[in-house]
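# Geometric and topological summary
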Amino acid sequence: MAVERTYIMLKPDCVRRGLMGRVISRIEDKGYKIVDAKMMHLTSDKLREHYAHLVDKPFYPNLEAFMMSGPVLAMIVEGENAILGMRNLMGATKFEDAAAGTIRGDFANTTTENLIHGSDSPETAGAEIKRFFG
Ligand code: DAT
Ligand code: MG
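Residues numbered from 1 in each chain as written. Chains lettered and ligands numbered in written order. Predicted model: local features only at pLDDT ≥ 70, side-chain atom pairs only at ≥ 80, totals over all residues. Heavy atoms only, no water.

### Topic: the site of ligand 1
Near ligand 1, the surroundings consist of Lys11, Tyr51, His53, Leu54, Phe59, Leu63, Arg87, Thr93, Arg104, Thr111, Thr112 and Asn114. The contact in question runs from an oxygen atom of ligand 1 to an N or O atom on the side chain of His53, over 3.0 Å. The side chain of Arg87 places a nitrogen or oxygen atom 2.8 Å from an oxygen atom of ligand 1. With the chains in place, 80% of the 510 Å² that ligand 1 exposes on its own is no longer accessible. (Near = heavy atom within 4 Å. Polar contact = N/O pair within 3.5 Å; in protein donor to acceptor, adjacent residues only side chain to side chain. Areas by Shrake-Rupley, 256 points an atom, 1.4 Å probe, with all protein chains shown as cover.)

Set out below in structure tokens:
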């Protein structure tokens, strides 16, 4: 176990639905620290880089349009084992698989609009923090 930093992003649905405070409370309740945060509007270029593993999927155009539909809250979250820990707080990608008690399990009712992004490995965390915070 080690103190890790992970890239977390509250997606446009989370901002639009007024759920930022409740989601941030769950992150803070867990004991993680928000060490940086900013509201951003994402561009198509940035999203194609961020979702490079998905650009060829049939749902990609819809995902990109959604991610550009309003501001996001970009954050760096720090804590012991925070990369996996945040993935566990978030819940599964598909809303119907996300367990009750997780952010997606409790608040998401579609897979596209699933409220929150979190890095899935130390390598992606490093790359994503660099991508969005420089
Ligand atoms: P995660 O966000 O859990 O890391 P991912 O990286 O595989 O999942 O996908 C990124 C986002 O793309 C995901 O949060 C929602 C969307 N997505 C993934 N798979 C999808 C699918 N089968 N249908 C619609 N949207 C999907
Ligand atoms: Mg992912």
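### Let's talk about the side chain of Asn114
Among the secondary structure elements, Asn114 is positioned in the loop between α6 (103-107) and β4 (116-118). With relative accessibility at 3%, the residue Asn114 sits in the buried group. A distance of 3.3 Å separates the side chain of Asn114 from the backbone oxygen of Thr93, its partner in a polar contact. A polar contact is formed between the side chain of Asn114 and the backbone oxygen of Thr111, at a distance of 3.2 Å. For Asn114, the contacting residues outside a window of four places in its chain are Lys11, Asp13, Thr93, Arg104 and Ala108. (Helix = DSSP H or I, 4+ residues; strand = E, 2+ residues; numbered from the N terminus. Buried < 20%, exposed > 50% of the residue type's maximum accessible area, 1.4 Å probe, protein only. Contact = heavy atoms within 4.5 Å.)

### Looking at the sheet that holds strand β2 (residues 33-40)
Spatially, β2-β3-β1-β4 is the arrangement adopted by the four strands of the open sheet, whose pairing is antiparallel. Edge strands, defined here as strands with exactly one partner in the open sheet, are β2 and β4. With direction set aside, neighbouring strand axes in the sheet form an average angle of 20°. As judged from the seven bridges shared by β2 and strand β3 (residues 72-80), these two strands associate in the antiparallel manner. Opposite Ala37, over in β3, you have Met75 as the bridge partner. Those strands touched by helix α5 (residues 82-90) are β1 (3-10), β3 and β4, and its axis lies near 35° from that of β1. (Pairing = 2+ DSSP bridges. Axes fitted to C-alpha atoms, helices over the stretch in contact; angles between N-to-C directions.)

### A look at the pairing of β3
Among the nine residues that make up β3, seven are buried, leaving the element largely enclosed by the rest of the structure. Sheet topology places β1 next to β3; eight bridges connect them, and they run antiparallel. The residue of β3 that forms the bridge with Glu4 is Gly79.

### Looking at the pattern of salt bridges
Taken as a whole, this structure holds three salt bridges when the rule is applied. The closest approach of N and O atoms between Arg5 and Glu78, which form a salt bridge, is 2.7 Å. Taken together, the residues span a long stretch of sequence, with Arg5 in strand β1 and Glu78 in strand β3 at a distance of 73 residues. Assessed through its relative accessible area of 22%, Glu78 is described here as partly exposed. (Salt bridge = Lys/Arg side-chain N within 4 Å of Asp/Glu carboxyl O.)

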